Amino acid sequence: MADNAFFSGSTLLSPLSAATGLPIDQVNFLVCQLVALGFGYPYRLLLSPETTSPSVRHVVQLLVGFPLALFCFGSQIKHLLIQSIVCLLLMKFMRNGLMGKAVFVVAMGYLCVCHIYRMYYDYGGYTMDISGPLMINVQRLTSLAFSVYDGRSADDSKLTPMMKQFATKSVPSLLEFMSYVFSFHGILCGPFCFYNDYISFINGNNYQLRDTTKNSNESINGKLAPSPNRAVLKKVVACVMYGSVSMLAMHHFQHAYV
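Residues numbered from 1 in each chain as written. Predicted model: local features only at pLDDT ≥ 70, side-chain atom pairs only at ≥ 80, totals over all residues. Heavy atoms only, no water.

1. Quick notes on a nonpolar patch on the surface
Then step 1. There is a patch of nonpolar side chains on the surface, built from L30, L34, L37, V236 and V240 and spanning about 410 Å² of accessible area.
Then step 2. Of all the secondary structure elements, the ones that give two or more residues to the nonpolar patch are α2 (24-46) and α10 (229-249).
Then step 3. In terms of residue count, the dominant contributor to the nonpolar patch is α2 (three residues).
Then step 4. Along the chain, V240 turns up in helix α10. (Patch = residues over 30% accessible without salt bridge, like charges linked within 9 Å, V, L, I, M, F, W, Y side chains within 5 Å. Areas by Shrake-Rupley, 256 points an atom, 1.4 Å probe, with all protein chains shown as cover. Salt bridge = Lys/Arg side-chain N within 4 Å of Asp/Glu carboxyl O. Helix = DSSP H or I, 4+ residues; strand = E, 2+ residues; numbered from the N terminus.)

2. So, the packing of aromatic side chains
Then step 1. Tallied over the entire structure, the rule returns eleven aromatic pairs.
Then step 2. Ring geometry for Y180 and Y198: centres 5.6 Å apart, planes at 50°, overall tilted. Here the residue Y180 occupies a position in helix α8 (residues 174-181), and Y198 occupies one in helix α9 (residues 195-203), the gap between them amounting to 18 residues.
Then step 3. In this structure Y180 comes out as buried when scored by relative accessible area, which is 2%.
Then step 4. Ring-pair connections join several aromatic residues into one group, and the members of that group are F39, Y43, Y180, F184, Y195, Y198 and F201.
Then step 5. Here the guanidinium or amino end of R57 rests over the ring plane of F201, the centre of that ring lying 5.1 Å away. (Phe/Tyr/Trp six-rings, centres within 6.5 Å; stacked < 30°, edge-to-face > 60°. Buried < 20%, exposed > 50% of the residue type's maximum accessible area, 1.4 Å probe, protein only. Lys NZ or Arg CZ within 6 Å of the ring centre and 35° of its normal.)

3. Some words on helix α4 (residues 77-93)
Then step 1. With 17 residues, α4 should cover 24 Å at 1.5 Å per step; its first-to-last C-alpha distance of 25 Å lies within 8% of that length.
Then step 2. As for α4, its buried residues are in contact with α3 (54-73), α5 (96-121), α6 (131-151) and α8. (Expected span 1.5 Å × (residues − 1). Contact = heavy atoms within 4.5 Å.)

4. Some words on the pattern of salt bridges
Then step 1. With the rule as written, the count across this model stands at two salt bridges.
Then step 2. Of the charged contacts in the structure, one is a salt bridge between D122 and R118, with a shortest N-O distance of 2.8 Å. Like D122, the residue R118 is buried in the burial classification.
Then step 3. Note that R118 and D129 form a salt bridge whose closest N and O atoms lie 2.7 Å from each other. A residue pair is termed long-range when its members are at least 10 positions apart, and R118 in helix α5 and D129 in the loop between α5 and α6 qualify at eleven residues.
Then step 4. Overall, R118 belongs to the buried group, its relative accessible area being 10%.
Then step 5. By relative accessible area, D129 is classed as buried at 12%.
Then step 6. Taken together, the shared-partner salt bridges in this structure form one network comprising R118, D122 and D129.

Okay, structure coming up:
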């Protein structure tokens, strides 16, 4: 069991922690990552966009991602909620000219306060806390705010092709927003993805057939969802390899030397 005031996650896996010698916070994180990885398959096969509405897919993302974060970080999850809700309100009610910058300042400022508080009261501590998800969330919130800013722009000629690609015409609904923040694919440690990419994934139009008869990138009717098995297997093997090396080497090097 973690003997650190900054650990507020579940202690349900304490026997596994004792058996492996890993701190409970790391055991929780590893198990939740494996659960998220494993749940990706039934989510893809049983809740595919062809048979399931976007609303249901949003709800499932939230119902899986939120408990995983709660299991790992416990009451600290309130910081993720506060940061997200405040920034969502800014996007909805602040005028467009300053909105993107204000969201960045609030999101980054909240993260900085959490970092400074942790450094002051637990300097040099290694217990995993909510700061990791907060850092990823700063990227989500800031990119979404500026995507909304670009989507509201009255003059498209000032936007770059990338700005146009990720521009969002309106602020997401509460369900869409919370699903984006708490998506079980990336809630614990990322990776970050743009909101438009996430919505395309939820709607099932992130893969489209390309006309291969011509040297062009024009889409043709239909969808193509390539099998993720090979890519997932490569990543899992790499994670196991690097994780094994880290666990074997950590006993021979003090943290102060790393």
